[in-house]
Amino acid sequence: MSKPTSSAPSQRMLRVGEQVRAALTQVLQRGEVRDPLIEKTVISISEVRMSPDLKVATAFVTPLGIADHAEPIEALNRHAKYIRGRLTPHLRQMKYMPEVRFKDDTSFDNYKKIDALLRSPEVQRDLKDEDGPEDKNGA
């Protein structure tokens, strides 16, 4: 049996990633991690990507209301082994408990840049030029 040539995640990887994301959310919401920085910071987990063997989970997080994301992410990575242990009751069906790694989610910054580009005067001017001929034809 040959391995798939696509680098896209499998359905199983996506499903398990979503289960790990939900479990991480519960652990953080309940305040099970005793770290002052993590306790006072609202952390959004946007996505969890699983490795093909399901042994490594990379969680993309965004600390809300803080300009410097490095400190909360560093704190989460410092407590990763403890968090892994707290995930066990939520993920009992898994053969191996995944190692959890936390990374800064930059997708919101990318969305902000795209939005700014779409709202720029140059793009708005081009959109107005496209609307002009249609209106003249009666459409």
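Residues numbered from 1 in each chain as written. Predicted model: local features only at pLDDT ≥ 70, side-chain atom pairs only at ≥ 80, totals over all residues. Heavy atoms only, no water.

The name given to the chain in an unreviewed UniProt entry is Ribosome-binding factor A, and the organism recorded there is Pararhizobium capsulatum DSM 1112. Quoted verbatim from the Subunit (unreviewed entry) heading of the UniProt record, the comment on the chain is "Monomer. Binds 30S ribosomal subunits, but not 50S ribosomal subunits or 70S ribosomes." As its UniProt record puts it under Function (unreviewed entry), the chain is described as follows: "One of several proteins that assist in the late maturation steps of the functional core of the 30S ribosomal subunit. Associates with free 30S ribosomal subunits (but not with 30S subunits that are part of 70S ribosomes or polysomes). Required for efficient processing of 16S rRNA. May interact with the 5'-terminal helix region of 16S rRNA." (UniProt positions renumbered as here; feature names shortened; annotations may be inferred.)

Draft legend 1. Up close: unusual backbone geometry. In this structure, L54 is a non-glycine residue whose phi angle is positive, near 65°. With respect to the helices and strands, the residue L54 is situated in the loop between β1 (42-50) and β2 (56-64). (Helix = DSSP H or I, 4+ residues; strand = E, 2+ residues; numbered from the N terminus.)

Draft legend 2. Local environment of the nonpolar core. Counting 29 residues, the largest nonpolar core has L24, L87 and F102 as the members making the most contacts within it. Considering every element that reaches this core, the biggest residue donor is helix α1 (residues 11-29), with 7 residues. The residues touching L24, leaving out its near neighbours within four places in the chain, are I45, V48, A59, I83, L87, V100 and F102. (Core = buried A, V, L, I, M, F, W, Y, C linked by side-chain atoms within 4.5 Å. Buried < 20%, exposed > 50% of the residue type's maximum accessible area, 1.4 Å probe, protein only. Contact = heavy atoms within 4.5 Å.)

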